[in-house]
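Structural overview for review
Each chain, letter by letter, is given below.
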Amino acid sequence: MSTKTKKMPDIEIGQLVDRFMRHIHCDLGRKAPDFDTEKLGPAGGMLLLTLADQEPIAIHELVRSVARDKSQITRMLQTLGRKGLVEKTQSPDDRRVCLLKLTAKGDDVVARLRFALAETIDGLLDPLNGQERSTLKGLLKKTFPT
(Lines give C-alpha, C1' and ligand atoms only; values in the text may rest on other atoms or scores of the structure.)
Protein backbone atom coordinates (compact mmCIF):
# COMPACT_ATOMS: atom_id res chain seq x y z
CA MET A 1 0.00 0.00 0.00
CA SER A 2 1.48 3.36 -0.98
CA THR A 3 1.23 6.35 1.25
CA LYS A 4 1.37 9.70 -0.43
CA THR A 5 2.42 12.67 1.58
CA LYS A 6 0.78 15.92 0.74
CA LYS A 7 3.22 18.52 -0.50
CA MET A 8 3.32 21.65 1.62
CA PRO A 9 2.26 24.73 -0.32
CA ASP A 10 4.70 27.59 -0.70
CA ILE A 11 3.22 30.13 1.70
CA GLU A 12 5.45 32.95 0.46
CA ILE A 13 4.27 32.50 -3.15
CA GLY A 14 0.70 32.46 -1.87
CA GLN A 15 1.20 35.72 -0.01
CA LEU A 16 2.93 37.42 -2.94
CA VAL A 17 0.26 36.37 -5.45
CA ASP A 18 -2.46 37.45 -3.02
CA ARG A 19 -0.78 40.85 -2.60
CA PHE A 20 -0.47 41.17 -6.39
CA MET A 21 -4.16 40.32 -6.87
CA ARG A 22 -5.25 42.79 -4.19
CA HIS A 23 -3.22 45.55 -5.82
CA ILE A 24 -4.87 44.77 -9.16
CA HIS A 25 -8.33 44.78 -7.57
CA CYS A 26 -7.76 48.09 -5.72
CA ASP A 27 -6.22 49.85 -8.72
CA LEU A 28 -9.03 48.72 -11.01
CA GLY A 29 -11.52 49.91 -8.40
CA ARG A 30 -9.94 53.37 -8.49
CA LYS A 31 -9.96 53.43 -12.32
CA ALA A 32 -13.44 51.92 -12.71
CA PRO A 33 -15.25 55.24 -13.31
CA ASP A 34 -13.07 55.71 -16.41
CA PHE A 35 -13.71 52.32 -18.05
CA ASP A 36 -16.72 50.66 -16.37
CA THR A 37 -19.28 52.70 -18.28
CA GLU A 38 -21.88 49.92 -17.94
CA LYS A 39 -21.50 49.77 -14.12
CA LEU A 40 -20.72 46.04 -14.17
CA GLY A 41 -18.49 45.85 -11.12
CA PRO A 42 -15.81 43.20 -10.58
CA ALA A 43 -18.19 40.23 -10.87
CA GLY A 44 -19.68 41.45 -14.15
CA GLY A 45 -16.22 42.15 -15.54
CA MET A 46 -15.01 38.69 -14.56
CA LEU A 47 -18.04 37.13 -16.24
CA LEU A 48 -17.50 39.08 -19.47
CA LEU A 49 -13.78 38.22 -19.55
CA THR A 50 -14.60 34.54 -19.02
CA LEU A 51 -17.18 34.66 -21.82
CA ALA A 52 -14.63 36.32 -24.10
CA ASP A 53 -12.14 33.52 -23.39
CA GLN A 54 -14.58 30.65 -23.82
CA GLU A 55 -17.44 31.72 -26.08
CA PRO A 56 -19.69 30.30 -27.22
CA ILE A 57 -20.32 28.57 -23.91
CA ALA A 58 -23.31 26.86 -22.31
CA ILE A 59 -24.59 28.33 -19.07
CA HIS A 60 -23.74 25.21 -17.03
CA GLU A 61 -20.13 25.35 -18.31
CA LEU A 62 -19.90 29.04 -17.46
CA VAL A 63 -21.21 28.39 -13.94
CA ARG A 64 -18.56 25.70 -13.45
CA SER A 65 -15.85 27.91 -14.93
CA VAL A 66 -16.46 30.88 -12.63
CA ALA A 67 -17.38 28.74 -9.60
CA ARG A 68 -20.52 30.68 -8.75
CA ASP A 69 -24.09 29.70 -7.97
CA LYS A 70 -26.24 29.11 -11.07
CA SER A 71 -28.97 31.48 -9.90
CA GLN A 72 -26.40 34.23 -9.30
CA ILE A 73 -24.93 33.75 -12.79
CA THR A 74 -28.40 33.66 -14.34
CA ARG A 75 -29.28 37.01 -12.73
CA MET A 76 -26.00 38.52 -13.87
CA LEU A 77 -26.54 37.23 -17.42
CA GLN A 78 -30.02 38.77 -17.47
CA THR A 79 -28.50 42.13 -16.50
CA LEU A 80 -25.76 41.79 -19.11
CA GLY A 81 -28.39 40.84 -21.69
CA ARG A 82 -30.54 43.89 -20.88
CA LYS A 83 -27.45 46.07 -21.33
CA GLY A 84 -26.90 44.52 -24.76
CA LEU A 85 -23.58 42.89 -23.86
CA VAL A 86 -24.45 39.18 -24.08
CA GLU A 87 -26.73 37.20 -26.33
CA LYS A 88 -28.11 33.67 -26.21
CA THR A 89 -28.37 31.32 -29.14
CA GLN A 90 -29.63 27.79 -29.33
CA SER A 91 -26.99 25.08 -29.56
CA PRO A 92 -26.97 23.44 -33.01
CA ASP A 93 -26.13 20.13 -31.32
CA ASP A 94 -28.76 20.14 -28.55
CA ARG A 95 -31.87 22.32 -28.78
CA ARG A 96 -32.24 22.23 -24.97
CA VAL A 97 -28.93 24.06 -24.51
CA CYS A 98 -28.47 27.80 -24.85
CA LEU A 99 -25.05 29.11 -25.81
CA LEU A 100 -23.83 32.49 -24.64
CA LYS A 101 -21.62 34.90 -26.52
CA LEU A 102 -20.69 38.53 -26.42
CA THR A 103 -22.39 41.06 -28.65
CA ALA A 104 -20.36 43.69 -30.51
CA LYS A 105 -21.06 46.04 -27.61
CA GLY A 106 -19.87 43.34 -25.20
CA ASP A 107 -16.67 42.97 -27.23
CA ASP A 108 -16.09 46.73 -26.88
CA VAL A 109 -16.60 46.59 -23.11
CA VAL A 110 -14.18 43.64 -22.85
CA ALA A 111 -11.58 45.53 -24.90
CA ARG A 112 -11.80 48.50 -22.48
CA LEU A 113 -11.59 46.16 -19.50
CA ARG A 114 -8.57 44.33 -20.94
CA PHE A 115 -6.83 47.66 -21.57
CA ALA A 116 -7.46 48.86 -18.00
CA LEU A 117 -6.28 45.53 -16.64
CA ALA A 118 -3.13 45.57 -18.80
CA GLU A 119 -2.41 49.16 -17.79
CA THR A 120 -2.78 48.28 -14.11
CA ILE A 121 -0.58 45.20 -14.33
CA ASP A 122 1.98 47.06 -16.41
CA GLY A 123 2.28 49.59 -13.60
CA LEU A 124 2.72 46.87 -10.99
CA LEU A 125 5.45 45.25 -13.11
CA ASP A 126 7.34 48.53 -13.57
CA PRO A 127 10.32 47.27 -11.51
CA LEU A 128 10.88 44.36 -13.96
CA ASN A 129 13.11 44.71 -17.00
CA GLY A 130 12.21 43.35 -20.44
CA GLN A 131 13.82 39.94 -19.89
CA GLU A 132 12.10 39.50 -16.52
CA ARG A 133 8.74 40.40 -18.07
CA SER A 134 9.36 37.93 -20.87
CA THR A 135 10.20 35.21 -18.34
CA LEU A 136 7.05 36.00 -16.34
CA LYS A 137 4.93 35.89 -19.50
CA GLY A 138 6.41 32.49 -20.41
CA LEU A 139 5.71 31.12 -16.93
CA LEU A 140 2.13 32.42 -16.99
CA LYS A 141 1.53 30.87 -20.44
CA LYS A 142 2.87 27.57 -19.08
CA THR A 143 0.58 27.80 -16.06
CA PHE A 144 -2.49 29.06 -17.97
CA PRO A 145 -2.29 27.74 -21.55
CA THR A 146 -4.89 29.01 -23.98
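Predicted model only: the values in this text are computed from it and were never measured. Residue numbers run consecutively from 1 along every chain, following the written order of its sequence. Under the rules for a predicted model, residues below a pLDDT of 70 receive no local features and side-chain atom pairs below 80 are neither given nor counted, while totals for whole chains, interfaces and linings still include all residues. For side-chain calculations, the full set of non-hydrogen atoms in the structure is used, while hydrogens and water are omitted.

Take the overall build of the protein next. Starting at the N terminus, helices and strands are each numbered in turn, a helix being any DSSP run of H or I of at least four residues and a strand any DSSP run of E of at least two. When helices and strands are tallied, the protein shows 6 helices and 3 strands. Ordered by position in the sequence, the α and β elements of the protein form the string α-α-β-α-α-β-β-α-α. For 146 residues, the compact-globule estimate of 2.2 N^0.38 gives 15 Å, and the C-alpha radius of gyration of the protein, at 18 Å, exceeds that figure by more than 25%. Dimensions of the protein, computed from C-alpha atoms along their principal axes, come out at roughly 55 × 45 × 25 Å. Per-residue and other accessible areas were derived by the Shrake-Rupley procedure at a 1.4 Å probe size, with only the shown protein chains allowed to occlude residues. Roughly 10800 Å² of accessible area belongs to the protein as shown, and the carbon and sulfur atoms make up 56% of that amount. Neither His nor the chain ends is counted toward charge; the positive residues are Lys and Arg and the negative residues Asp and Glu. The location of each charge is read from NZ of Lys, CZ of Arg, CG of Asp or CD of Glu. Each charge class in the protein can be summarised by its mean position, and for the 25 positive and 20 negative side chains these summaries are 5 Å apart. Atoms considered for the radius of gyration are the C-alpha atoms alone. The globule rule reads 2.2 Å times the number of residues to the power 0.38.

Salt bridge, as used here: a side-chain nitrogen of Lys or Arg that lies within 4 Å of a carboxyl oxygen of Asp or Glu. Inspection of every chain in the model, using the stated rule, returns 9 salt bridges. Of the charged contacts, one joins R22 and D18 as a salt bridge, the two residues approaching to 2.9 Å between their closest N and O atoms. Of the two residues, R22 and D18 are both situated in helix α1 (residues 11-35); the distance of 4 residues between them amounts to about one turn of the helix. Accessibility here uses a 1.4 Å probe with only protein chains present; expressed as a share of the type maximum, an area under 20% marks a residue as buried, one over 50% as exposed, and anything in between as partly exposed. Residue D18 is classed as partly exposed on the basis of its relative accessible area, which comes to 35%. Connected through salt bridges with shared partners, the residues D27, R30, K31 and E119 form a single ionic network.

On to the layout of surface pockets. Using a grid of 1 Å spacing that covers the protein atoms alone, one calls a set of points a cavity when a 1.4 Å probe fits there but cannot get out, and a pocket when the set is open and has protein on both sides within 12 Å along at least five of seven lines; lining residues are those with an atom within 4 Å of a point. Grid points are joined across faces, edges and corners, and a volume is the space filled by probe spheres set on the points. Roughly 2200 Å³ of volume is contained in the largest pocket. Lining the largest pocket are 43 residues, and of these F20, I24, L49, L117 and I121 lie nearest its centre. Per-element tally for the lining of the largest pocket: the top contributor is α1, with 12 residues. Residues are sorted three ways: Asp, Glu, Lys and Arg are charged, Ala, Val, Leu, Ile, Met, Phe, Trp, Tyr, Cys and Pro are nonpolar, and all the rest, Gly among them, are polar. In the lining of the largest pocket, the residues fall into 25 nonpolar, 9 polar and 9 charged.

This part covers the packing of helix α2 (residues 41-54) against helix α4 (residues 70-82). Helix axes are fitted only over the stretch in contact, all axes being lines through C-alpha atoms; the angle between N-to-C directions runs from 0 to 180 degrees. The contact between α2 and α4 brings their axes to 11 Å, and the two run at 85°. Regarding the angle of α2 to α4, the classification is roughly perpendicular. On α4, the residues that touch A43, G44, L47, L48 and L51 of α2 are I73, M76, L77 and L80. Split by residue class, the contact of α2 with α4 holds 8 nonpolar, 1 polar and no charged. By definition in this entry, angles of less than 35 degrees are roughly parallel, angles greater than 145 are roughly antiparallel, angles of 65 to 115 are roughly perpendicular, and the rest are oblique. Note on contacts: a residue pair is in contact if any heavy atoms of the two residues lie within 4.5 Å.

Let us look at the nonpolar core. Core analysis: the biggest nonpolar cluster contains 25 residues, and L48, L51, L62, L77 and V86 have the highest contact counts within it. Residue assignment for this core shows that the elements contributing at least two residues are α1, α2, α3 (59-66), α4, β3 (98-102) and α5 (104-124). In this structure L48 touches L40, L80, L85, V86, L102, V109 and V110, once residues within four positions along its chain are discounted. Nine residue types can take part in a nonpolar core, namely buried Ala, Val, Leu, Ile, Met, Phe, Trp, Tyr and Cys, and a core is a set of them joined through side-chain atoms within 4.5 Å.

Let us now look at the side chain of T120. Tracing the sequence through the fold places T120 in helix α5. The exposure class assigned to T120 is buried, which follows from its relative accessible area of 2%. Ignoring anything within four residues of it in the chain, the contact list for T120 reads I24, D27, L28 and K31.

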